[in-house]
Amino acid sequence: MNENLALPGSLNLAFVEGLYESYLQDPSSVPPDWQDYFQQIRNGDQPTLLAPDFPRTSIFNPAVSLPRTGRAVEALEAQSANLQDRVDQLIRAYRICGHLIAQIDPLGLPRPVPPEVDPAHYGFTAEDMDRLFSCQTLHSRDFLTLREIIQRLRNTYCRSIGVEYMHIDDLKIRGWLQERMEGTENRVEITRKEQLRILTRLTDAVTFEEFIRKKFIGAKSFSLEGSESLIPLLDLAIERAGDQGVQEIVLGMAHRGRLNVLSNILGKSPGEIFREFAEMDAVSYKGSGDVKYHKGYSNDWRTLSKKTVHISLCFNPSHLEFVNPVAVGRLRAKQDRVGDGDRTKGLCILIHGDAAFAGQGVVQETLNLSQLRGYTVGGTLHIVVNNQIGFTTSPSDARSSTYATDVAKMLPIPIFHVNGEDPEAVAQVVRLALDYRATFKRDVVIDMYGYRRLGHNEADEPSFTQPILYKAIEKRKSVREGYLEHLLKLGGVNERDAKRIQTSRAEHFEKEFAESKAADYVPPTPVPRSTWKGYFGGPEAQAKDFPTGYPKDRLIQILRTQTELPPDFHPHPKIEKLLEHRRKMAAGEQPLDWSAAESLAFGSLSVEGTRIRLSGQDVGRGTFSHRHAILYDYQDGHTYVPLQHLSPDQAPVEIFNSPLSEVGVLGFEYGYSLDRPRALVLWEAQFGDFTNVAQVIIDQFLASSEDKWGRLSHLVLLLPHGYEGQGPEHSSARLERFLAMAAEDNIQVVYPSTPAQYFHILRRQQMRNWRKPLVLMTPKSLLRHPDVTSTLEECATGMFQRILPDELKRQEVSRVLLCAGKIYYELRKRRTQLKREDVAIVRIEQLYPLRKEIIEKTLEGYKPGTPVFWVQEEPENMGAWSHMRLNFGEKLFQKFPFSGIYREASASPATGSAILHKKEQEQILVQAFEQGTLAGVASAVIEGDKRGPTA
Ligand SMILES: Cc1ncc(C[n+]2csc(CCOP(=O)(O)OP(=O)(O)O)c2C)c(N)n1
């Protein structure tokens, strides 16, 4: 507030000025003593206090006592305060719900008007419109009439921009936004040059769509028409980001307008896009390839201020929105790679459809990651290309919320709804959004309203389902035309300029089109970034196995260092015991357990320069209270991560407890792995079966991205697996699913049975330059099993063994049991109990890729005809049995009859009854040692097997 205008006591200046206005019109309309007072002013007897730039006559002098007439004045004061209060309420109402009447929809579909934005709601009448009120909260130094106040509010909140920000708790942020919006009435000053640029970018967008439609009639391109402002929006965003110091942008988007973005933003040669339309290079598709509107691309962008911004558009499956966490994870990896701890050098832009944004849960999961320590990227720019339809579904059937973006209100971030037909409003919103993000390092949403001129794709007939809407859409001119008319009216641009831009774009496309048809056309291939130099995919045969041991003395050192806590750290009494165990392991007095082996793998890799990133639910302690990688001070709760204190020049070891999300977090970690081939990136499921919540990431990305998009990942999945009587939901990591999707050496599926094997497989994953996802079935009960131990020597030497053979004399063996993981220990124990020296137990530790020749070699020496069984805990239709059967048929290597021992085929993975579980497990063991049984365990299935409750 202007201090010069401060009023003594409770008397309100606006009130006095209102009174003065009335007095000027009719002196008798104000009380007699006020008449005297005003008369003195007019005579010049009372000095007035005028603010220099105050437009109207401010008449109040605080130094002079005001006329007071007891109760009358008090009543007037109260009335004045009340009026001002109502004005303040009105101002607040516009801030809260002005967006509901904003002109954000180019189609102008009717929306209910909230009563709070009507002055009458506060008892104001036409007479009040010219009263003066204080506007200190409206970022105005002035006293304005009610009419002016409402005009300002409408300009700010109800024109082409509707903004939601009053859900933000932080007063500072709200104040920042208010100042930026109310101070400018939410309009940006646009120079002629900028206007021309917007027009050019709109022309690019329109020309591209028209060209594709003309040349490739009926081809699916998921046109952007009706929302072409996306192109100037991105253009402005990249320019602004570049000016803010952003050097890397990761862009995630779906089908809508993707080709347009590829051409006009990513700079992919239109010739290349046209060739893909014509499928001229179909034979060059690696693997199965993917359709053109799913492919990724990257390029450098040179800003007007001569800065270079590298933009990577993520490849994208059809599954809408699942690219979101992947894109964010990629950016986080890029930021970590260049040490951008402030998160100012990278920007993630996610482009969404309105139906998908409102409908897909992964959107919420990704938003939830945005401010978490382990996942933040300093704010993502979300752009919703809101064409007000999802395939054939109208918003009324697509969401229960007012806006498609309402889920984003879970975050304290502004949501800008903007009319895509007003490119200058779009420009204002881009500026605000990016400045907000740069200032507060938070996500921000631009919900750009448009429409979809054509059907869902170009072959679709939209008027089947939205006849009225499409009649209205048909009549609409393009955004470009509308904007051009506006510019012509302003006189900043003339027809000639506009024509020149249009002709040059059309000629460019024609030229590219002609060139793309040439027989000797060589599509420009983007140079892969050096990050991936030296790493490769393809068949595993190309990846040599080599020793992965780590010198024993250094392993001892790593173990010891982990037990040396800072003097001011007070570990939990039980952690003291764990530390004592580790000390004994280091001294060679106790063998290594699973957790120690893991810490040695992480520690040794980190010391060798590999960044370790492990995330998942409760991974710090470990679901089974076995890891304790993050220690908590017993007195004040502060944390200490021993693995981060191994040596001064070690690579970071990051262990993040994730939110309770699978698809979001796994998507993020997958994305991270794409841009950090040198880091060991691991995601652990709380229990293995929770991976199915992340199935889209597994199917669409992890298993198939090399095949579809030629993109490699070496992400490690740690999936606790094993039948321990805990019920249907805590037994199985659905091993069978990973094996079913395994082909072309796309993933590695491993079920290690010893700590040393675990140690070596983790090290192998990093040390081989062959980059493939690694799916590990990990133990639960075996974590503390006295037999599940390894020695330091086993970690110091050797390598991961794909098969662990049996040491029995082969000629004396009457049956061979093949198995993996936990069941091995039960089989071994039973064999000891039964003294069955004739039964060999061979562990297949790597289930995929399955090196048959190694298995064959392992079985050499067993008498031909010796029955071989695959023994598993899982039911017949689960586990690795089908995979084994598929690979080996009924006779293994033409020599050994091959059959399986398993639980009966079942709809759910395991029984809910611990007693029944034990009986089933016993039956498997009985079968395994029952000589001569070849036909599986159908006979072993318990009579009247009633599975327990599955809830
Ligand atoms: C997860 C998922 N479910 C369903 C589909 C099928 N599908 C493709 S586009 C689409 C409509 C998308 O609408 P919107 O998000 O508004 O984007 P628009 O196509 O209108 O730009 C649907 C249902 C899909 N691709 N992904």
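Because the structure is a prediction, the values reported are computed rather than measured.

1. Considerations on the sheet that holds strand β21 (residues 839–844)
Next up, step 1: The strand order across the open sheet built from six strands is β19-β21-β20-β23-β25-β24, with neighbouring strands paired in mixed fashion. Strands at the two margins of the open sheet, each flanked by one partner only, are β19 (803–804) and β24 (891–892).
Next up, step 2: In this sheet, strand β25 (residues 896–903) lies alongside β24 in antiparallel orientation, the contact comprising two bridges. Bridged to K891 within β25 is P897.
Next up, step 3: Helix α27 (residues 823–834) contacts β20 (815–819), β21 and β23 (868–875) of the sheet and is inclined by roughly 165° relative to β21.

2. Side note on the sheet that holds strand β11 (residues 612–616)
Next up, step 1: The seven strands are arranged β14-β11-β15-β16-β18-β17-β22 in an open sheet whose pairing can be described as mixed. The open sheet has two free edges, formed respectively by β14 (653–657) and β22 (846–848), since each of these has just one partner strand. Across the sheet, the mean angle separating the axes of adjacent strands is 20° when strand polarity is ignored.
Next up, step 2: Alignment of strand β17 (residues 748–750) against strand β18 (residues 774–778), held across three bridges, turns out to be parallel.

3. What to know about the pattern of salt bridges
Next up, step 1: Counted according to the given criterion, the structure contains 51 salt bridges.
Next up, step 2: A salt bridge links R611 to D336, with the shortest nitrogen-to-oxygen separation between them at 3.5 Å. One end of the pair, R611, is in the loop between α20 (594–607) and β11; the other, D336, is in helix α10 (residues 323–337), with 275 residues separating them in the sequence.
Next up, step 3: Classification of R611 as buried rests on a relative accessible area of 11%.
Next up, step 4: What you see here is one network of salt bridges that share partners, running through R197, R201, D204, D235, E239 and R505.

4. Side note on the packing of aromatic side chains
Next up, step 1: The full count for this structure, using the stated rule, is 24 aromatic pairs.
Next up, step 2: Plain terms: the ring middles of F208 and F509 are 5.8 Å apart, the flat faces sit at 65° to each other, and that makes the pair edge-to-face. Within this pair, whereas F208 is found in helix α6 (residues 192–215), its partner F509 is found in helix α17 (residues 495–516), the two being separated by 301 residues in sequence.
Next up, step 3: F509 sits in the buried class, given a relative accessible area of 1%.
Next up, step 4: An angle of 25° between the planes, with centres 4.3 Å apart, marks the rings of F315 and W709 as stacked.

5. Brief notes about the side chain of R437
Next up, step 1: Assignment of secondary structure puts R437 in helix α14 (residues 423–440).
Next up, step 2: Of the side chains with opposite charge, D443 comes closest to the buried, unpaired R437, at an N-O distance of 6.8 Å.
Next up, step 3: Only 3.4 Å separates the side chain of R437 from the backbone oxygen of G378, close enough to count as a polar contact.

6. Concerning the site of the ligand
Next up, step 1: Near the ligand there are 15 residues, and of these H255, R256, S318, D354 and A356 occur at the shortest range.
Next up, step 2: Contact distances for the ligand include 2.8 Å between a nitrogen atom and a backbone N or O atom of S318.
Next up, step 3: In this structure, an oxygen atom belonging to the ligand sits 2.9 Å away from a main-chain N or O atom of A356.
Next up, step 4: Computed on the free molecule, the ligand has an accessible area of 580 Å², of which 76% lies beneath the protein chains in the complex.
Next up, step 5: In terms of residue count, helix α11 (residues 354–359) provides more of the shell around the ligand than any other element does, three residues in total.
Next up, step 6: Partitioning the shell around the ligand into residue classes produces five nonpolar, eight polar and two charged.

7. What about the pairing of strand β9 (residues 415–419)?
Next up, step 1: Most of β9 sits inside the fold, with five of its five residues counted as buried.
Next up, step 2: Pairing of strand β3 (residues 161–164) with β9 involves four bridges; the strand directions are antiparallel. Bridging across to β9, E164 finds its partner in I415.
Next up, step 3: For β9 and strand β10 (residues 444–449), the ladder comprises five bridges, and the chain directions are parallel. Considered in β10, the bridge of V418 is made with M448.
Next up, step 4: A crossover links β9 with its parallel partner β10, the connecting element being α14, and its sense is right-handed.

8. Observations regarding the packing of helix α18 (residues 552–563) against helix α19 (residues 573–586)
Next up, step 1: Contact geometry of α18 with α19 gives a least axis separation of 9 Å together with a crossing angle of 160°. Comparing the axis directions of α18 and α19 gives the class roughly antiparallel. Of the two possible hands of crossing, α18 and α19 adopt the one that is left-handed. The residues of α19 that touch α18, namely those facing I556, L559, R560, Q562 and T563, are L579, R582, R583, M585 and A586.
Next up, step 2: A breakdown of the residues in the contact of α18 with α19 according to their chemical character gives five nonpolar, two polar and three charged.

Here is what the cut-offs are and how they apply
Residues numbered from 1 in each chain as written. Predicted model: local features only at pLDDT ≥ 70, side-chain atom pairs only at ≥ 80, totals over all residues. Heavy atoms only, no water. Pairing = 2+ DSSP bridges. Helix = DSSP H or I, 4+ residues; strand = E, 2+ residues; numbered from the N terminus. Contact = heavy atoms within 4.5 Å. Axes fitted to C-alpha atoms, helices over the stretch in contact; angles between N-to-C directions. Salt bridge = Lys/Arg side-chain N within 4 Å of Asp/Glu carboxyl O. Buried < 20%, exposed > 50% of the residue type's maximum accessible area, 1.4 Å probe, protein only. Phe/Tyr/Trp six-rings, centres within 6.5 Å; stacked < 30°, edge-to-face > 60°. Lys, Arg positive; Asp, Glu negative; His and termini not counted. Polar contact = N/O pair within 3.5 Å; in protein donor to acceptor, adjacent residues only side chain to side chain. Near = heavy atom within 4 Å. Areas by Shrake-Rupley, 256 points an atom, 1.4 Å probe, with all protein chains shown as cover. Nonpolar A, V, L, I, M, F, W, Y, C, P; charged D, E, K, R; others polar. Right-handed = clockwise from strand over helix to strand, strands pointing away. Parallel < 35°, antiparallel > 145°, perpendicular 65-115°, else oblique. Left-handed = near helix turned anticlockwise from the far one by under 90°.

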